[in-house]
Every structure is written in structure tokens, then in C-alpha cells.
Amino acid sequence: MGRKEPLGRLVTAENSKILQEGLGEVQEMIDICDFAVGLSRQLYGLTIASERPGHRMMEIRHPLGPIGVISAFNFPVVVWSWNFALAIVWGNPVVWNPSEKTPLTALAYQALFDSVTERFGEAPRGLSEVVVGDRDIGERLVADDRLRLISATGSTAMGCQVGPRVAARLGRSLLELGGNNGMTVAPSANLDFAVRTILFASVGIAGQRCTTLRRLIAHEDVADDLLGRLKTAYSSIAVGDPFAPETLVGPLIDEGAYAGMRAVLDRVRGEGGTVYGGERVLEEQCADAYYVTPAIVEMPEQTATVCEETFAPILYAMRYREFDEALRLHNGVSQGLSSSIFTNDVREAEAFVSAEVSDCGISNVNIGPSGAEIGGEKETGGGRESRSDAWKAYMRRATNTVNYSGELPLAQGIKFGDD
């Protein structure tokens with residue numbers, strides 16, 4: 001715990017999320033390590049009934065083998081730790097290829113792990129290795145059949161290349177890809193809670209979370225009030241130095257992210273959108289950093305651009321009249337990571353989390369789209385990192401039969417030979 005502060009500051013220095021977010025990311029790493037240590041004593045299997053008398057069948061799990069982790073810039077610690085902590089306690093070595101935008105964080109954590117294992121004295125060498133480089137390094141990991149699992153976090157486009165290449169060598173892949181996360185705000189919703197949640201979910205780390213709120217679907221009876229409150233809240237957001245305690249939004253990761261945001265805002269204006277915010281600020285003081293004010297874009301409908309994920313603080317706002325219309329809008333995108341609804345109507349809440357409504361891996365009621373377990377459906381890739389039964393991805397299953405009967409009966413009553 002004594003290293004939390006310097007590690008959190010390193011995260012902030014390298015990827016520009018505010019210090020509280022950097023510290024929070026380190027705390028999540030600590031929490032998942034604690035979780036994995038406890039989980040290591042719960043490697044449960046199944047006892048299976050056998051049709052043959054005097055036989056016992058059981059399922060056990062073994063380490064899968066070396067694992068490759070390809071992580072993204074936006075969470076340079078958390079995504080690695082979700083994979084590493086579970087993989088390592090099951091006995092799997094990990095080769096980590098961090099984003100080329102955040103290599104220092106990865107090297108710092110490798111040094112920390114090395115110091116711990118050296119002090120421990122009994123850990124074999126090579127349990128954790130960091131390979132820093134650009135796309136070529138990731139491609140080499142994906143192609144290497146010694147890595148039985150590739151866990152890759154990034155864009156859907158990246159996943160569409162990683163998945164088939166790993167499958168071609170009959171390896172396993174765990175993909176956590178794009179999100180275009182929506183929130184429905186029903187007429188019964190507590191708007192005070194909704195505004196606070198939307199603010200954090202849509203502008204935190206400058207809109208560069210995989211679970212960032214990108215689409216707001218508000219009932220027309222509350223939309224004007226809600227948007228008025230949101231615009232007031234947005235106007236008070238402190239954009240600036242991520243180390244300053246009053247700052248809520250630091251800069252975008254780089255010039256490319258800013259150029260992408262500008263291009264998308266120009267495009268949605270052409271699709272009938274009304275843009276509030278979205279300007280570059282602090283350019284004179286910080287010419288090489290790309291600070292922007294978060295944008296709200298009121299859209300007349302869910303256009304092609306809205307259906308794309310843009311990794312920037314852009315919140316599209318749309319309206320609905322009937323609940324079915326809100327659900328159609330919500331599910332009308334190719335990504336399926338996270339979703340939420342604010343409602344005090346128990347029927348709407350239960351319907352939203354049922355199999356027939358939200359088609360996302362995370363479906364929340366009266367909280368934002370973030371989730372304790374990360375992973376989604378459709379073009380999000382179907383992978384699950386952290387908690388629940390995610391540990392099974394890092395293990396191989398074996399089914400064992402033990403014959404203690406003193407006889408050799410065959411299955412299905414088959415007679416073979418003299419017997």
C-alpha cells in the first residue's frame with residue numbers, strides 16, 4: 001500500500017487521467033490481487049455420476065500454460081492485473097504487451113513484481129515478462145502457438161484481426177473490445193441521481209473508458225429538464241492539469257484522439273445534431289496537449305455516426321416516448337458492452353435486465369454503465385475479465401474416471417469379446 005501513491009502518479013503522468021482516477025486504478029489492482037489470492041483456494045470441480053457401478057467421475061482444472069496479454073492505454077494497470085492476477089495464481093506465466101502509449105507503467109509494475117519475487121525467494125523465473133513495442137510485437141504474440149491464450153483489450157477492429165488469427169492455430173482468445181454504452185432515463189427516474197451519474201460516466205478520463213456513457217436515451221417528459229441540468233453541470237467541469245485536485249477532466253491521450261473527436265463532431269452536425277461544448281481549451285498554455293470541453297450532442301435520431309464508438313467525451317442525447325422505442329434505440333448498435341437504466345418502475349427495471357431486453361454483458365439499474373466484471377456481447381467480443389467464473393479462461397479442464405469396482409464393465413452395457 002505504501003507504493004500506491006507513486007504508482008498512481010505514474011499512471012496519471014503517462015496517460016493523463018486525473019490523479020484520483022490513477023490512484024483508483026492502482027487500488028483496483030490491489031483489490032483484484034487480494035481477490036485472486038482468495039480465489040486460489042476455491043478451485044472447485046464437479047463430481048459426475050457414472051452409469052457404471054463402482055466408478056467415480058470428476059472434473060478438475062489444470063493450468064492452461066503461457067498466456068499473452070495485450071492491453072490498451074486507457075487502463076494501463078487494471079486490464080493487465082485482471083488477467084495477470086487470475087492467470088498467475090493458477091500457475092500460468094504471463095507475457096504482457098502494453099500499449100505503446102503507456103510503456104513506463106508496464107515497466108514499473110514489472111520491476112515491482114521482480115522485487116517481490118526476489119524477496120519471496122521461491123518463485124521460478126519468467127513468471128511475468130513485459131515486451132514493449134508497437135503493433136508488430138502484438139502480432140508476434142498472437143501468432144505464437146506457445147501462448148495458449150491471448151487476452152486482448154482494444155477496438156473491435158483489432159479484435160477482428162486477433163480472434164481469427166488465434167483461432168487459425170487453435171488457440172484461445174479472450175476479447176474485450178469496443179463499447180457504445182447507453183443509458184435510458186425513464187419518466188419515474190430520480191433526476192438528481194441521474195445527472196450525477198451521467199456526469200461521471202460520460203466525462204471521466206476524458207471519455208476514454210471502455211464503459212464510458214456515450215448514448216443518453218431520455219423520455220420526452222423529462223428530457224428538457226435533464227438536458228438543462230446536464231448542460232449546467234458540464235459548464236462547471238474543471239478541465240486542466242490532471243494532478244490538480246480541482247480538475248475533473250485531463251487531456252485526451254494524443255493528437256489523433258483530438259482529430260477524431262473534431263471529425264465526428266463535424267459529421268454529426270451534418271446529420272442534424274446540435275453540439276454543446278467540444279472545444280479545445282488551454283492551447284496557448286499547453287500546445288502539445290489536447291484538452292477539450294466534453295460535448296453533449298442532441299440528435300434527432302440515432303444516426304450512423306452515433307452507432308460508432310468514438311473514444312472521446314461525446315454524449316449523444318436522444319428522446320423516446322414508448323419504452324419499446326427506448327429499447328430499440330439501445331440495442332440498435334453493433335457493440336454490446338454495458339448498459340443502464342434509471343427508473344423507479346420495477347417492471348421497467350426487471351424487463352431491462354431480462355433476456356429479452358438489454359443485449360449487453362453489463363446491465364445496470366439506477367447506477368451508471370460501469371461494471372465489476374468487464375465483458376460484453378456482439379462486437380464487444382464475448383470475453384470476461386475479472387471475478388465471477390472468469391478464472392476458467394486460464395485453465396484447462398480434465399475429466400477423470402476412477403474405477404474402484406474390481407470389474408471392467410463397458411459403457412452402455414456393451415459386450416466385447418469373451419466378456
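Below is a short write-up of the structure. In every chain, residue numbers begin from 1 and rise along the written sequence. At least 70 in pLDDT is required for a residue's local features to be given in this predicted model, at least 80 for side-chain atom pairs to be given and counted, and no such filter applies to totals for whole chains, interfaces and linings, which use all residues. By convention in this description, side-chain values take in all heavy atoms of the structure and omit both hydrogens and water.

A look at the pairing of strand β14 (residues 314–320)
- The element β14 is largely enclosed, with a buried count of six among its seven residues.
- At least two bridges found by DSSP between two strands is the condition for calling them paired. Helix and strand assignments follow DSSP, with helices taken as H or I runs no shorter than four residues and strands as E runs no shorter than two, numbered in order from the N terminus. Pairing of strand β9 (residues 213–219) with β14 involves five bridges; the strand directions are parallel. Following the sheet pairing, Ala218 is matched in β14 by Arg319.
- With four bridges connecting them, strand β13 (residues 295–298) and β14 associate as parallel partners. Note that in β14 the partner of Glu298 across the bridge is Ala317. Relative accessible area decides the class of each residue, using a 1.4 Å probe on protein chains only: under 20% of the type maximum gives buried, over 50% gives exposed, and in between gives partly exposed.

Let's talk about the packing of aromatic side chains
- In this scheme Phe, Tyr and Trp rings, the latter by its six-membered ring, pair at centre separations within 6.5 Å, and the angle between planes marks the pair as stacked below 30 degrees, edge-to-face above 60, and tilted otherwise. Taken as a whole and judged by the stated rule, the model has seven aromatic pairs.
- Ring plane angle 85 degrees and centroid distance 6.0 Å describe the contact between Phe73 and Phe311, whose orientation is recorded as edge-to-face. Pair noted here: Phe73 is in the loop between β3 (67–70) and α3 (78–89) and Phe311 is in the loop between β13 and β14, with a separation of 238 residues, a long-range link.
- In this structure Phe73 comes out as buried when scored by relative accessible area, which is 12%.
- On the accessibility criterion, Phe311 (27% relative accessible area) is partly exposed.
- Where Phe84 meets Phe113, the ring centres are 5.2 Å apart and the plane angle is 90 degrees; that geometry is what we call edge-to-face.

Observations concerning the sheet that holds β13
- What the seven strands build is an open sheet, ordered β10-β13-β14-β9-β8-β16-β17; its pairing is mixed. The open sheet has two edge strands, β10 (274–276) and β17 (362–365), and neither has a second partner. In this sheet, neighbouring strand axes are inclined to one another by 20 degrees on average, regardless of whether the strands run parallel or antiparallel. Orientation is described by axes fitted as lines to C-alpha atoms, over the contacting stretch for helices, and by angles from 0 to 180 degrees between their N-to-C directions.

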